[in-house]
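# Inside the fold
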Amino acid sequence: KYRHLVADCHLADSFAWDAHKLMNVPLTAAVILTKKQGVLEATCSGGGGSYLFHADENADYNLGNKSIQCGRRADSLKVWSSWKVMGNKGFEEKIDYLQSVKQYCVDAINKSDAFEMLAPAVYLNIVFRYKVKNFISEAHSRALNIKITKTLIAEGGSYIDYASFKSKSGIRLILANQNVTNEHIDTLLADCERVGQRLEREEQS
């Protein structure tokens, strides 16, 4: 559940998350929260920034000396704007929904004879691979799974990437768009299987 994402965060000295995908922020923006006041300022402006930041009546509102890149302090406005549009409930519903789609995808992969999971899907990243029928080596499996992703893109199908986990390579799906449905997952897996089978036939011909 969405509210569980930051459960027990008070036990850490700091934590961070990347807001530009799942939170609909249009450009890169990260959030860093610290338990102790002054940590960001001491870390980011320790080299001295008096020529940039002035101790005037607006000093408390200037996020520049607390930002990793002082000129990017306006990035926080993008996160704030997205939060105003979506709200706590909107983000909760989106993340909970995507978690359900993730689980649907994982279950479909585990039930399939054509695929296998390569890594635990603890959040919304799913790394799996097409199980090569005529398995020769990990290098061969890696090459074929990468070719599946590139073929799908070239033929106007699903735009999907590949990744490695513990020396094995496969297909990587990241769920961030709340418009994705279980039917889209069915189509994706069917396309991956169809292309994989075709590529194997081409190898044997």
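### Some points on the nonpolar core
- Ranked by size, the top nonpolar core spans 29 residues in total, and within it F115, I126, F128, I148, L173, L175 and I185 carry the most contacts.
- Formed by seven residues, the second largest nonpolar core is a distinct cluster that contains A19, V25, V31 and F91.

### As for helix 4 (residues 182-204)
- Compared with an ideal rise of 1.5 Å per residue, which puts 23 residues at 33 Å, helix 4 spans 33 Å between its outermost C-alpha atoms and is within 8% of the ideal.
- Buried within helix 4 we find I185, L188, L189, D191, C192, V195, G196, L199 and E200.
- Looking at the buried side of helix 4, the elements it contacts are helix 2 (75-111), strand 3 (115-117), strand 4 (125-130), helix 3 (138-154) and strand 6 (168-174).

### A closer look at the confidence of the model for the chain
- Chain-level pLDDT for the chain is 86 on average; 90% of the residues reach the 70-or-more range.
- For the chain, per-element mean pLDDT is lowest for helix 1 (residues 39-44), which scores 76, and highest for strand 3, which scores 97.

### Things to note about the pairing of strand 5 (residues 161-165)
- The sheet contact formed by strand 5 and strand 6 spans five bridges and is antiparallel. The partner of S164 across the bridge, within strand 6, is S169.

### So, the sheet that holds strand 6
- In spatial order, the strands read 3-4-6-5; together these four strands make up an open sheet with antiparallel pairing. Edge positions in the sheet fall to strand 3 and strand 5, since each of these pairs with one other strand and no more. Averaged over neighbouring strand pairs, the angle between their axes works out to 45° when direction is ignored.
- Of the strands in this sheet, strand 3, strand 4 and strand 6 are in contact with helix 2, which crosses strand 3 at around 125°.

### Details of the pattern of salt bridges
- One pass over the structure, following the stated rule, counts seven salt bridges.
- Its salt-bridge partner being R172, residue D161 comes within 3.4 Å of it at the nearest N-O pair. Of the two residues, D161 sits in strand 5 while R172 sits in strand 6, which places them 11 residues apart along the sequence.
- Residue D161 is classed as partly exposed on the basis of its relative accessible area of 36%.
- Judged by relative accessible area, which is 28%, R172 ranks as partly exposed.
- With its nearest N and O atoms 3.3 Å apart, the salt bridge here joins R194 to D191. Of this pair, R194 and D191 are both found in helix 4, three residues apart, which corresponds to roughly one turn of the helix.

### A few points about the pairing of strand 6
- Relative to strand 6, strand 4 runs antiparallel, the two sharing four bridges. In the strand pairing of strand 6, V127 is matched with R172.
- Between strand 5 and strand 6, which follow one another and run antiparallel, lie two residues, and K166 among them has a positive phi close to 50°.

### What to know about the packing of helix 3 against helix 4
- In the contact formed by helix 3 and helix 4, the axes pass within 9 Å of each other and the chain directions differ by 120°. Judged on the interaxial angle alone, helix 4 and helix 3 are oblique. In the packing of helix 3 onto helix 4, the handedness of the crossing is right-handed. Contacts from H140, L144, K147, I148, T151 and L152 in helix 3 reach D191, C192, V195, G196, R198, L199, E200 and E203 in helix 4.

### Digging into the side chain of K94
- With respect to the helices, strands and loops of the structure, K94 is situated in helix 2.
- This buried residue, K94, is left without a salt bridge; E93 holds the nearest opposite charge, at 12 Å.
- When sequence neighbours within four positions are dropped, the list of residues in contact with K94 reads K21, L22, M23, N24, M86, A176 and Q178.

Definitions and cut-offs
- Residues numbered from 1 in each chain as written.
- Predicted model: local features only at pLDDT ≥ 70, side-chain atom pairs only at ≥ 80, totals over all residues.
- Heavy atoms only, no water.
- Core = buried A, V, L, I, M, F, W, Y, C linked by side-chain atoms within 4.5 Å.
- Buried < 20%, exposed > 50% of the residue type's maximum accessible area, 1.4 Å probe, protein only.
- Helix = DSSP H or I, 4+ residues; strand = E, 2+ residues; numbered from the N terminus.
- Expected span 1.5 Å × (residues − 1).
- Contact = heavy atoms within 4.5 Å.
- pLDDT = per-residue confidence, 0-100.
- Pairing = 2+ DSSP bridges.
- Axes fitted to C-alpha atoms, helices over the stretch in contact; angles between N-to-C directions.
- Salt bridge = Lys/Arg side-chain N within 4 Å of Asp/Glu carboxyl O.
- Parallel < 35°, antiparallel > 145°, perpendicular 65-115°, else oblique.
- Left-handed = near helix turned anticlockwise from the far one by under 90°.
- Lys, Arg positive; Asp, Glu negative; His and termini not counted.

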